[in-house]
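So the chains spell out like this:
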Amino acid sequence: RLTSHAGTAPWHPHIDSGDDAPWDEWFRAASAVALLAVVWERQGPPGAVCAARGCARVLIPYGAGPPRRYCSRRCATRERVAAHRARTAGDVSPSA
Ligand SMILES: [Zn+2]
């Protein structure tokens, strides 16, 4: 809705139902609009699911540097170790 608060302020948008609307209504509406803006801007969901096998935690992939793929350093290390072991599993040292 657009309001000027009975002429006491310039016209501006409000996303609650009225000036006396309860705070929780405003909070839900403002959160929904914020989520809308993030999805619109990024053209996708604002989060991601951890890329580690067996982990379903969600994370915020954005920040400084490249996008994050893992929820924690622990998951990243576990995946790196698993990938290393998979690469070296076929390597068998020649026996004498
Ligand atoms: Zn994880």
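Just so it is clear, the structure is predicted and the values come from calculations on it, not from any experiment.

## Structural notes on the overall build of the protein chain
Next, step 1: Across its full length, the protein chain carries two helices and four strands.
Next, step 2: Along the chain direction, N to C, the helices and strands of the protein chain fall in the order β-β-α-β-β-α.
Next, step 3: Here the C-alpha atoms of the protein chain give a radius of gyration of 24 Å, more than 25% beyond the 12 Å that 2.2 N^0.38 yields for 96 residues.
Next, step 4: By principal-axis analysis of the C-alpha atoms, the protein chain measures approximately 95 × 25 × 20 Å.
Next, step 5: Buried residues in the protein chain amount to 19% of all 96 residues.
Next, step 6: Long-range contacts, defined here as pairs at least 24 residues apart, represent 9% of the contacts in the protein chain between residues at least 6 apart.
Next, step 7: As displayed, the protein chain offers around 7,800 Å² of accessible surface, 62% of which is attributable to carbon and sulfur atoms.

## Observations concerning the coordination of the zinc ion
Next, step 1: Taken together, the protein donors to the zinc ion comprise C50 (SG), C55 (SG), C71 (SG) and C75 (SG), at separations of 2.3 to 2.4 Å.
Next, step 2: All donor residues of the zinc ion come from one chain, and their arrangement in sequence is C-x4-C-x15-C-x3-C. With C55 in the loop between β3 (48–49) and β4 (58–59) and C71 in the loop between β4 and α2 (73–88), the pair connects residues that are 16 residues apart, well separated along the chain. Accessibility classification places C55 together with C71 in one group, the buried group.

## Re the domain arrangement of the protein chain
Next, step 1: Assigned domains within the protein chain: domain 1 (1–46) and domain 2 (47–90).
Next, step 2: Computed over C-alpha atoms, the centres of domain 1 and domain 2 are 36 Å apart.

## Details of the packing of aromatic side chains
Geometry of an aromatic ring pair is reported as the spacing of the ring centres plus the angle between the planes.
Next, step 1: Under the counting rule described, the total for this entry stands at three aromatic pairs.
Next, step 2: The interplanar angle of 15 degrees and the centroid separation of 5.1 Å between the aromatic rings of W23 and F27 together place this pair among those described as stacked. Of the two residues, W23 and F27 both sit in helix α1 (residues 23–42), four residues apart, roughly one turn of that helix.
Next, step 3: What makes W23 exposed here is its relative accessible area of 59%.
Next, step 4: Their ring planes at 50 degrees and their centres at 6.5 Å tell us that W26 and F27 sit as a pair that is tilted.
Next, step 5: Taking relative accessible area as the criterion, F27 reaches 42% and is therefore assigned partly exposed.
Next, step 6: Among the aromatic residues, ring-to-ring pairing joins W23, W26 and F27 into one connected group.

## A short note on α1
Next, step 1: For α1, with 20 residues, the first-to-last C-alpha span of 28 Å sits near the 28 Å given by 1.5 Å per residue.
Next, step 2: With its phi angle positive at about 55 degrees, Q43 sits one or two positions after the end of α1.

## Focus on unusual backbone geometry
Next, step 1: A positive phi angle is found at A6, which is not glycine, with a value near 60 degrees.
Next, step 2: Within the secondary structure layout, A6 lies in the loop between β1 (2–3) and β2 (12–13).

Conventions we followed
- Residues numbered from 1 in each chain as written.
- Predicted model: local features only at pLDDT ≥ 70, side-chain atom pairs only at ≥ 80, totals over all residues.
- Heavy atoms only, no water.
- Helix = DSSP H or I, 4+ residues; strand = E, 2+ residues; numbered from the N terminus.
- Rg over C-alpha atoms; globule rule 2.2 N^0.38 Å.
- Buried < 20%, exposed > 50% of the residue type's maximum accessible area, 1.4 Å probe, protein only.
- Contact = heavy atoms within 4.5 Å.
- Areas by Shrake-Rupley, 256 points an atom, 1.4 Å probe, with all protein chains shown as cover.
- Donors = N, O, S within 2.8 Å, 3.2 Å for Na, K, Ca; no water.
- Domains from an automatic or database assignment.
- Phe/Tyr/Trp six-rings, centres within 6.5 Å; stacked < 30°, edge-to-face > 60°.
- Expected span 1.5 Å × (residues − 1).

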